[in-house]
Amino acid sequence: MKKTKKEFIQFRCRVYEKKLLKKKAKKAGLSLSEFCLRSALDVKIVEILNEEQIEFYKTLIKYSNNFTAIGNMYRKRNPKLTEEVYALAKEIKGHLNNFKNDR
């Protein structure tokens, strides 16, 4: 059984504050009231990724995979290069994980 919301709360703010709240709510894919409720209850609010951000994330994944493959190709011939390439791939993966954990 779904519980319905029955209580109504109002608060005052300036015009620009309301515009800012609406903008932040839209970025998070929430209504203004849901955004304010989550903010007040300290619930984590995550911005929805736009197409450009999604493409950037996918590109970083490709780079990480490509650097790992390059490291694998040169593993026996040039261990120092392999080590550096693996370190770069690991650094990219670290940034991707940080990004994922922030969400």
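**Student:** For this particular structure, what's the right way to read the packing of helix 1 (residues 15–28) against helix 2 (residues 32–40)?
**Tutor:** Where helix 1 contacts helix 2, the axes come no closer than 9 Å and their chain directions differ by 90°. One way to sum up the angle between helix 1 and helix 2 is to call them roughly perpendicular. Residue-level inspection shows K18, L21, K22, K24 and A25 of helix 1 in contact with helix 2, the latter providing L32, F35 and C36. Its residues assigned to classes, the contact of helix 1 with helix 2 comprises five nonpolar, no polar and three charged.

**Student:** Quick question: what am I supposed to make of the pattern of salt bridges here?
**Tutor:** Two side chains bearing opposite charge may form a pair once their charged atoms approach each other closely. Following the criterion strictly, the structure yields four salt bridges and no others. Between E84 and K80 there is a salt bridge whose closest N-O contact spans 3.5 Å. Taken together, the positions of E84 and K80, both in helix 4 (residues 79–102) and four residues apart, correspond to about one turn of that helix. For E84, a relative accessible area of 46% puts it in the partly exposed group. The class for K80 is exposed, based on a relative accessible area of 56%. In the salt-bridge network here, residues are joined through shared partners; they are K5, E34 and R38.

**Student:** I keep staring at the confidence of the model for the protein and nothing clicks. Help me out?
**Tutor:** For residues with low pLDDT, the predicted coordinates do not support detailed interpretation. With 96% of its residues at a pLDDT of 70 or more, the protein has an overall mean of 88. Confidence scores differ between elements of the protein, with helix 4 showing the lowest mean pLDDT of 85 and helix 1 the highest of 95.

Conventions used here
Residues numbered from 1 in each chain as written. Predicted model: local features only at pLDDT ≥ 70, side-chain atom pairs only at ≥ 80, totals over all residues. Heavy atoms only, no water. Axes fitted to C-alpha atoms, helices over the stretch in contact; angles between N-to-C directions. Helix = DSSP H or I, 4+ residues; strand = E, 2+ residues; numbered from the N terminus. Parallel < 35°, antiparallel > 145°, perpendicular 65-115°, else oblique. Contact = heavy atoms within 4.5 Å. Nonpolar A, V, L, I, M, F, W, Y, C, P; charged D, E, K, R; others polar. Salt bridge = Lys/Arg side-chain N within 4 Å of Asp/Glu carboxyl O. Buried < 20%, exposed > 50% of the residue type's maximum accessible area, 1.4 Å probe, protein only. pLDDT = per-residue confidence, 0-100.

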